[in-house]
Amino acid sequence: MSAVLKMNEAIQKNDLIPFTRPCFSENAIRYLIQSLESNHLQGDGNFTKKCHLLLEEITGAQKVLLTHSCTASLEMAAFLIDLKEGDEVVMPSYTFSSTANAVVLRGAIPVFIDIRPDTLNIDENLIEQAISPKTKAIFVVHYAGVSADMETINKIAKRHNLFVVEDAAQGVGSYFQNKPLGTLGHLGAYSFHATKNIISGEGGALLINDEKFIEHAEIMREKGTNRSQFLRGEIDKYTWQDKGSSYLPSDLVAAFLLSQLEEMGEINKKRLIIWDMYQESLEPLERDNYLKRPFVPSDCSHNAHIYYVLVNSPVIRDDLLKYMKANGVQCTSHYVPLHSSPAGLRYGKTSGDLSVTNEVADQIVRLPLWAGMSSDRVVEIVKLLNTYFRA
Ligand SMILES: Cc1ncc(COP(=O)(O)O)c(C=O)c1O
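This text gives an overview of the structure that appears in the document. Owing to the predicted nature of the structure, the values given are computational and were not obtained by experimental measurement.

### Quick notes on the packing of aromatic side chains
Throughout the structure, instances matching the rule amount to 15 aromatic pairs. Seen in terms of ring centroids, Trp275 and Tyr307 are 5.3 Å apart; in terms of plane orientation they differ by 75 degrees. Their pairing is edge-to-face. Here the residue Trp275 occupies a position in helix H11 (residues 264-281), and Tyr307 occupies one in strand S12 (residues 307-311), the gap between them amounting to 32 residues. Tyr307 matches Trp275 in its accessibility class, with the two residues each being buried. Where Tyr388 meets Phe389, the ring centres are 5.1 Å apart and the plane angle is 85 degrees; that geometry is what we call edge-to-face. The same class applies to Tyr388 and to Phe389, which are both buried. Positioned over the ring face of Phe79 is Arg106, at 4.0 Å from the centre of the ring.

### Some words on the nonpolar core
By size, the foremost hydrophobic cluster in this structure holds 73 residues, and its most contacted members are Phe192 and Tyr278. Here this core takes 7 residues from helix H16 (residues 375-390), the largest share from any one element. When we break this core down by domain, the ones giving at least three residues each are domain 1 (3-21 + 264-390) and domain 2 (26-262). Formed by 34 residues, the second largest nonpolar core is a distinct cluster that contains Cys70, Leu80, Phe139 and Phe213.

### Observations concerning the side chain of Asn197
Note on placement: Asn197 falls in the loop between strand S8 (187-191) and strand S9 (204-208). According to the relative accessible area criterion, Asn197 is buried, its value standing at 6%. There is a polar contact of 3.3 Å between the side chain of Asn197 and the side chain of Arg271. Separated by 2.7 Å, the side chain of Asn197 and the backbone oxygen of Asn303 make a polar contact.

### Topic: the pattern of salt bridges
Tallied over the entire structure, the rule returns 20 salt bridges. The partner of Asp44 in a salt bridge is Arg221, with the nearest N and O atoms 3.0 Å apart. Of the two residues, Asp44 is situated in the loop between helix H2 (26-37) and helix H3 (46-59) and Arg221 in helix H8 (residues 214-221); the sequence distance between them amounts to 177 residues. When its relative accessible area of 13% is taken as the criterion, Asp44 is described as buried.

### Quick word on the site of the ligand
Close to the ligand lie 15 residues; Thr71, Asp167, Ser191, Lys196 and Tyr335 are nearest. Here an oxygen atom of the ligand sits 2.9 Å away from a polar atom, N or O, in the main chain of Cys70. With respect to the ligand, the side chain of Thr71 contributes an N or O atom lying 2.5 Å from an oxygen atom. Summarising the interface, the protein chains cover 91% of the accessible area of the ligand, which totals 400 Å² for the free molecule. The residue makeup of the shell around the ligand, split by class, is 5 nonpolar, 8 polar and 2 charged.

### Examining the pairing of strand S2 (residues 88-92)
Across the 5 residues that make up S2, a large majority, 5, are buried. Every second residue of S2 is oriented toward a common face, with Glu88, Val90 and Pro92 on one face and Val89 and Met91 on the other, all of them buried. Strand direction decides the pairing type here: S2 and strand S3 (residues 109-113), joined by 5 bridges, are parallel. Each residue of the ladder has a partner; that of Pro92, found in S3, is Ile113. Both S2 and strand S4 (residues 135-141) contribute to a ladder of 3 bridges, which runs parallel. Each bridged residue has a counterpart across the sheet, and for Val90 the counterpart in S4 is Ile138.

Conventions we followed
Along each chain, residues carry numbers from 1 onward, in the same order as the chain's sequence is written. Under the rules for a predicted model, residues below a pLDDT of 70 receive no local features and side-chain atom pairs below 80 are neither given nor counted, while totals for whole chains, interfaces and linings still include all residues. Side-chain descriptors were evaluated using all non-hydrogen atoms of the structure, hydrogens and water having been removed beforehand. Two rings from Phe, Tyr or Trp (for Trp, the six-membered ring) form a pair when their centres sit within 6.5 Å of each other. Planes less than 30 degrees apart are called stacked, planes more than 60 degrees apart edge-to-face, and all others tilted. Secondary structure follows DSSP: runs of H or I at least 4 residues long count as helices, runs of E at least 2 residues long count as strands, and numbering of each begins at the N terminus. Each residue's exposure class comes from its accessible area (1.4 Å probe, protein chains only) as a fraction of the maximum for that residue type: buried when under 20%, exposed when over 50%, partly exposed otherwise. Our definition puts a charge over a ring when NZ of Lys or CZ of Arg is within 6 Å of the ring centre and also within 35 degrees of the ring normal. Throughout this description, the term nonpolar core refers to a set of buried Ala, Val, Leu, Ile, Met, Phe, Trp, Tyr and Cys residues connected via side-chain atoms within 4.5 Å. A domain assignment, automatic or from a database, supplies the domain bounds used here. Think of a polar contact as two N or O atoms within 3.5 Å of one another; within protein, one of them needs to be a possible hydrogen donor and the other a possible acceptor, and neighboring residues in sequence only count if both atoms come from side chains. Salt bridges, as used here, are contacts in which a Lys or Arg side-chain nitrogen is within 4 Å of a carboxyl oxygen on Asp or Glu. One heavy atom within 4 Å of a molecule or strand makes the whole residue count as near it. Where accessible areas are quoted, they stem from the Shrake-Rupley method and a 1.4 Å probe; at the residue level, only the protein chains shown are allowed to cover. We call Asp, Glu, Lys and Arg charged. Ala, Val, Leu, Ile, Met, Phe, Trp, Tyr, Cys and Pro are nonpolar, and the rest, Gly among them, are polar. DSSP calls a pair of strands paired once it identifies at least 2 bridges connecting them.

All we've got here are geometric facts, nothing functional implied.
Okay, structure coming up:
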């Protein structure tokens, strides 16, 4: 019996349906033991190398470097494109703090714009009006693992000579026009946080899609030294070369991650079955105008990272969250828009109206979803939603 199934049984005994649960297989434990026995627990050991190769093979990125989080990958990206004091970066307000922090840490200014009401991704039609002579980059977020319109965004970036960085924290295993998310911009950032599809507790990766960044990225990730070249036997000692930090994970983390990457297809397939069940069963509630379901554009294939619904008012949203909790189901809202957060007000600015962002933030409800979740649980949750709206 696989560990994923064992974990699922434990949840069946628990009264509360959790929002998410980490799932892993026996290989995770086997690789962790191998890593412990290898006597190489620091970063860039054999498991890290295997993860790099597998991720490069899966995504086709020029180079992949494991980091300790998506946050770290975004910070590296902001550093690599040489963001400086006063530069501006256009990004959606509906995202996690890390997207903006990476920019602010370089002294640059996030320029928050609104999202599309259908995909909840950056509204590509609002980007150009947010661009000024100070704009250096567009940071794109692929919400719920569904791609932003990268075709239009890349055209705009080219026209204005801007960098494109993809915050693909949620997009591991998703595609836009058959290309993996994280490989469509100059740089991409993945998250392997325990709440994501593919996990290592904390963890991330930087995808480099332009060769010119590779050497600098390796130095930056290794405390500003050329240790990566030394480990490959290209030089006989390593020294401090440039500004940097420590962005690499332990090989123990990579050992766990390798088992997840090898099972990515299976994990995402299991999640998609649950996602599709929700999508089909909730169609009548959308038809009767009680809620709106997610929309996936035809040129996107997604990894079922999040299943959410949008209800008709903030009052209903808060009430529904309480109702689900009282009935043993843990549902959650999501981001507090960055443009209205204390740090967003201090460090960022806005372009245009952000009413879609504000509405979505007040009306979203995310439903439980994890790879080992049973279909009985979905039936139970859908039944509760029907009782709530139709009673
Ligand atoms: C869009 C987005 N970017 C970045 C992050 C940060 O990821 P990590 O926890 O791996 O640093 C998250 C986390 O949920 C996220 O949703």
